[in-house]
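Listed below are the residues making up each chain.
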Amino acid sequence: MLLSKPLNTGDLNGTIFDFEVVGDVLPKHTHDETNVHITIVCKGKIKAYSHDWEKEAIAGQVMDFRAGEPHEIMALEDNTRIINIIKKFGGVSNDYNKE
């Protein structure tokens, strides 16, 4: 069973997903420019895939998704946890090279 809960802390928005058993799936979905995300694997292992690619990631790794890219995420280990963080476009730039 896939469990989810929202993550909303000011400018940081997303969702925490807990995959209880191997094979639990976050069904295929697509994002537009307003809600495209990165995925942080907190615990376990996942496989993300689409019609022409697939990638695996383990705890501590990050996956970066593009807008308009349909994808599905499947747990490869029991008790896997991921956090999807929405990328914020058009925000304030953090240019650390400015003097």
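Residues numbered from 1 in each chain as written. Predicted model: local features only at pLDDT ≥ 70, side-chain atom pairs only at ≥ 80, totals over all residues. Heavy atoms only, no water.

Caption draft 1: Highlighting the pattern of salt bridges. In this structure the tally under the stated criterion is four salt bridges. Between E56 and K45 there is a salt bridge, and its shortest N-O distance comes to 3.4 Å. Within this pair, whereas E56 is found in strand β6 (residues 54–58), its partner K45 is found in strand β5 (residues 45–49), the two being separated by 11 residues in sequence. Look at K45 and you get partly exposed, because its relative accessible area is 26%. Across the pair D64 and K87 runs a salt bridge whose closest N-O atoms are separated by 2.3 Å. (Salt bridge = Lys/Arg side-chain N within 4 Å of Asp/Glu carboxyl O. Helix = DSSP H or I, 4+ residues; strand = E, 2+ residues; numbered from the N terminus. Buried < 20%, exposed > 50% of the residue type's maximum accessible area, 1.4 Å probe, protein only.)

Caption draft 2: Representation of the packing of aromatic side chains. In the structure shown here, the tally under the stated rule is one aromatic pair. Centroid distance W53 to F65: 6.4 Å. Interplanar angle 45°. Geometry classified as tilted. Within this pair, whereas W53 is found in the loop between β5 and β6, its partner F65 is found in the loop between β7 (62–64) and β8 (71–75), the two being separated by 12 residues in sequence. Judged on exposure class, the residue W53 and its partner F65 are both buried. (Phe/Tyr/Trp six-rings, centres within 6.5 Å; stacked < 30°, edge-to-face > 60°.)

Caption draft 3: Representation of the sheet that holds strand β4 (residues 37–43) in the model. One open sheet holds the five strands; their spatial order is β1-β2-β9-β4-β7, and the pairing between them is antiparallel. At either end of the open sheet lies a strand with only one pairing partner, and these are β1 (2–9) and β7. Neighbour to neighbour, the strand axes of the sheet diverge by 20° on average, direction disregarded. Strand direction decides the pairing type here: β4 and β7, joined by three bridges, are antiparallel. Residue pairing in the sheet places I38 in a bridge with D64 of β7. (Pairing = 2+ DSSP bridges. Axes fitted to C-alpha atoms, helices over the stretch in contact; angles between N-to-C directions.)

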